[in-house]
2 protein chains.
Amino acid sequence: MLSLTEENYLKAIYHLSDGGTKSVLTNELAEAMSTKAASVTDMIKKLSVKEVITYEKYYGVNVTTAGKTKALHVIRKHRLWETFLVQTLGFNWDEVHEVAEELEHIHSIRLIDKLDEFLGFPKADPHGDPIPDGKGKISTRPQVSLDQLGEGYQGIIIAVKDSDSNLLKYLDKIGAKPGRKIKVAGKEEYDESMEVHIGDKKFFISKEVSKNILVTQ
Amino acid sequence: MLSLTEENYLKAIYHLSDGGTKSVLTNELAEAMSTKAASVTDMIKKLSVKEVITYEKYYGVNVTTAGKTKALHVIRKHRLWETFLVQTLGFNWDEVHEVAEELEHIHSIRLIDKLDEFLGFPKADPHGDPIPDGKGKISTRPQVSLDQLGEGYQGIIIAVKDSDSNLLKYLDKIGAKPGRKIKVAGKEEYDESMEVHIGDKKFFISKEVSKNILVTQ
DNA sequence: TATAATATTTAGACTAATCTAAAAAATAAT
DNA sequence: ATTATTTTTTAGATTAGTCTAAATATTATA
Ligand SMILES: [Mn+2]
Ligand SMILES: [Mn+2]
Ligand SMILES: [Mn+2]
Ligand SMILES: [Mn+2]
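No experiment lies behind these values; they were computed from the predicted model shown.

(A) Spatial organisation of the packing of helix α1 (residues 4-16) of chain A against helix α3 (residues 37-49) of chain A. Residue and element names in this part refer to chain A. Between α1 and α3, whose axes approach to 11 Å, the crossing angle comes to 95 degrees. With respect to their mutual orientation, α1 and α3 come out roughly perpendicular. Residue-level inspection shows T5, E6, Y9, L10 and I13 of α1 in contact with α3, the latter providing S39, V40, M43, K46 and L47. Residues that form the contact of α1 with α3 fall into these classes: 6 nonpolar, 2 polar and 2 charged.

(B) Layout of the protein's contact with DNA strand C. Around DNA strand C lies a shell of 23 residues, among which K45(A), Y55(A), S3(B), T35(B) and K46(B) are the nearest. Side-chain polar atom of Y55(A) to a phosphate oxygen of DNA strand C: 2.4 Å apart, as the coordinates give it. Those elements that place two or more of their residues in the surface near DNA strand C are α2 (26-32) and α3 of chain A together with α1 (4-16) and α3 (37-49) of chain B. Top contributing element to the surface near DNA strand C by residue count: α3(B), with 5 residues. Residue composition of the surface near DNA strand C, by class: 10 nonpolar, 7 polar and 6 charged.

(C) Highlighting α3(A). An ideal rise of 1.5 Å per residue puts 18 Å on 13 residues; α3(A) measures up with 19 Å between its terminal C-alpha atoms. Contact partners of the buried residues in α3(A): α1, α2, β1 (53-55) and β2 (61-63) of chain A.

(D) Quick peek at the coordination of the manganese ion (ligand 2). All names here are of chain A. Within the protein, E82 (OE), D125 (OD), H127 (ND1) and D162 (OD) serve as the donor atoms for the manganese ion (ligand 2), at 2.1 to 2.7 Å. If you list the donors of the manganese ion (ligand 2) from N- to C-terminus, the spacing comes out as E-x42-D-x1-H-x34-D. A separation of 3.7 Å is found between the manganese ion (ligand 2) and the manganese ion (ligand 1), which are bridged by E82. Of this pair, E82 sits in helix α4 (residues 65-87) while H127 is found in the loop between α6 (109-118) and β3 (143-145), placing the two residues 45 residues apart along the sequence. Each of the two residues, E82 as well as H127, counts as buried.

(E) Fine view of the nonpolar core. By size, the foremost hydrophobic cluster in this structure holds 32 residues, and its most contacted members are W81(A) and W81(B). Secondary structure elements with two or more residues in this core: α4, α5 (97-103) and α6 of chain A together with α4 (65-87), α5 (97-103) and α6 (109-118) of chain B. Excluding residues within four positions of it along the chain, W81(A) makes contact with A100(A), L103(A), E104(A), L111(A), I112(A), L115(A), W81(B) and L103(B).

(F) A look at the packing of aromatic side chains. Using the criterion set out here, one finds 4 aromatic pairs over all chains in the structure. For the ring pair W81(A) and W81(B), a centre distance of 6.0 Å and an interplane angle of 85 degrees mean the geometry is edge-to-face. With W81(A) in helix α4 and W81(B) in helix α4, the pair connects residues from two separate chains. An identical accessibility class is assigned to W81(A) and W81(B); each is buried.

(G) Highlighting the relation of the copies chain A and chain B. Expressed as a screw transformation, the operator carrying chain A onto chain B has a rotation angle of 180 degrees and an axial translation of 0.0 Å, and the superposed copies differ by an RMSD of 0.0 Å. Such a turn and shift between the copies fits a two-fold axis. Taking C-alpha positions as reference, the residue of chain A nearest the rotation axis is L103(A), located at 3.8 Å. Both copies share a contact surface, since 100% of the interface residues of chain A are interface residues in chain B too.

(H) Geometry of the coordination of the manganese ion (ligand 4). Residue and element names in this part refer to chain B. Looking at the manganese ion (ligand 4), one finds its protein donor set to be E82 (OE), D125 (OD), H127 (ND1) and D162 (OD), positioned 2.1 to 2.7 Å from the metal centre. Ordering the donors of the manganese ion (ligand 4) by residue number gives the pattern E-x42-D-x1-H-x34-D. The metal-metal distance between the manganese ion (ligand 4) and the manganese ion (ligand 3) comes to 3.8 Å, with E82 coordinating both. Of this pair, H127 sits in the loop between α6 and β3 (143-145) while D162 sits in the loop between β4 (154-160) and α7 (165-173), placing them 35 residues apart in sequence.

(I) View of the sheet that holds β3(A). Residues and elements named next belong to chain A. In space, the 6 strands of this open sheet follow the order β3-β8-β4-β5-β6-β7, with antiparallel pairing throughout. Lying at the two open borders of the sheet, with one neighbouring strand each, are β3 and β7 (201-205). This sheet shows a mean twist of 40 degrees between the axes of neighbouring strands, independent of strand direction. Here β3 pairs with strand β8 (residues 213-216) via 3 bridges, running antiparallel. Each residue of the ladder has a partner; that of V144, found in β8, is V215.

(J) Fine view of the protein's contact with DNA strand D. In the vicinity of DNA strand D there are 23 residues, among which S3(A), T35(A), K46(A), K45(B) and Y55(B) approach most closely. Near the protein, meaning within 4 Å, the atoms of DNA strand D are sugar or phosphate in a fraction of 81%, with bases accounting for the rest. For DNA strand D, a sugar or linking oxygen lies 3.2 Å from a polar atom in the side chain of Y58(A). A distance of 2.6 Å is found between a phosphate oxygen of DNA strand D and a side-chain nitrogen or oxygen belonging to K57(B). Going through the elements one at a time, α1 and α3 of chain A together with α2 (26-32) and α3 of chain B are the ones with two or more residues in the surface near DNA strand D.

(K) Representation of the domain arrangement of chain A in the model. If you check the domain split of chain A, you get domain 1 (4-63) and domain 2 (143-216). A C-alpha centroid distance of 31 Å is found between domain 1 of chain A and domain 2 of chain A.

(L) Quick peek at α6(B). All buried positions along α6(B) are accounted for by L111(B), I112(B), K114(B), L115(B) and D116(B). For α6(B), the secondary structure elements touched by its buried residues are α4 and α5 of chain A together with α4 of chain B. The residue sitting at the N-terminus of α6(B) and contributing the capping side-chain oxygen is S108(B); that oxygen lies 3.5 Å from the backbone nitrogen of R110(B). Taken from the residues just after α6(B), G120(B) is the one with a positive phi, measuring 80 degrees.

Calculation notes
Residues numbered from 1 in each chain as written. Chains lettered and ligands numbered in written order. Predicted model: local features only at pLDDT ≥ 70, side-chain atom pairs only at ≥ 80, totals over all residues. Heavy atoms only, no water. Axes fitted to C-alpha atoms, helices over the stretch in contact; angles between N-to-C directions. Helix = DSSP H or I, 4+ residues; strand = E, 2+ residues; numbered from the N terminus. Parallel < 35°, antiparallel > 145°, perpendicular 65-115°, else oblique. Contact = heavy atoms within 4.5 Å. Nonpolar A, V, L, I, M, F, W, Y, C, P; charged D, E, K, R; others polar. Near = heavy atom within 4 Å. Polar contact = N/O pair within 3.5 Å; in protein donor to acceptor, adjacent residues only side chain to side chain. Expected span 1.5 Å × (residues − 1). Donors = N, O, S within 2.8 Å, 3.2 Å for Na, K, Ca; no water. Buried < 20%, exposed > 50% of the residue type's maximum accessible area, 1.4 Å probe, protein only. Core = buried A, V, L, I, M, F, W, Y, C linked by side-chain atoms within 4.5 Å. Phe/Tyr/Trp six-rings, centres within 6.5 Å; stacked < 30°, edge-to-face > 60°. Least-squares fit on C-alpha atoms with pLDDT ≥ 70 in both. Pairing = 2+ DSSP bridges. Domains from an automatic or database assignment.

Structural data, given as structure tokens:
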């Protein structure tokens, strides 16, 4: 079984590897975990002994199939808890990530399956991120971050990044929620800021913001 | 702030001291924590530096006022989570203690207050144990364990011990739930077993069982 | 291709929580 | 009042996770 710390490393590796599709370097993992490269080296040795990652000295790590399953289980718990906090307890969507970071490490499988059932088997969490099922199956829709698109684009917001509380407060203010229609009315070459239409309202958003909005293609 | 382990020690000390009314010895704490006396000595030094207990070498530990407050906050979380698991998620009362042992260490105060509100500010958990309020105030009713009483006693079950899953399954079978009327119809001197009437049914229970049933005086 | 810059790993040290074995204090028994 | 027994504490090790500083490997630059 993985410790809480190991679970957090594995989750970070899973995310940084884009779901296990590319390898992750020591320094980016250190950055993501707010720790030092030396600590990362120690930890990835442990994780490769446990066979949730493979590790080639100096060339980064890759998630194994077993590792993917475990990472997805933690992600499932994280997203179900976030859904519970918003849907059942009335939290705002910018208040749940930190709490879910703790709740995702509670071990009972029965608990998380009952919670899933209680919530009505939700497909996505409050930020639009898909919730893996009990077997670790996750349904991903094709998506792009808004900053990659240009004037004339029209589509639907799929998800937003969930870890920055201030960004979420701002997105809430402009109504940038999953499910909403969004249109790029103009784009400034210089700083890649955009004019977007969300519902019947118009906003100017910086690239810093558009990077964090994921939309349909 | 206390670590998870420190919280568990403090909670055990609080319980063993009967809510801070008497001092706790090293060996009984070791027994309760399933650890060795040497480990306990190390830990109680740490806890006394943090001023949640006082400690006199060779003479045991006592909980401070600050320690009581912290212990009661953990107990509040434990009992609210147990209530949630039974009331909201449909767990049986014998399945919740272990899970609550993990959930009680989630830190968010906002979470537990929202949970309390969602549950309708319950006064007691599924086993009848009182739930402290946000300020650490706990309402205790005068109570005795059933084994202390004799033939002719009549009263109401207040609570049952929550940590033994098999005991709880048995108590469920004979209908020994908090709130139920109970009567001692007879007591055997030799082994202190009893005949009890619960509702309209009659049962013979051993002292091992009657010790774990708390009733009104 | 040799050298400089960057990335990664190793070495050694630290804290928290645990253990076993030995020493010391308190309590019980003669 | 000694001696024996029990309880508690100390000493020294161990593991997980972290750090800094030094060594080594890789990549970029001249
Ligand atoms: Mn999150
Ligand atoms: Mn989320
Ligand atoms: Mn319990
Ligand atoms: Mn309980």
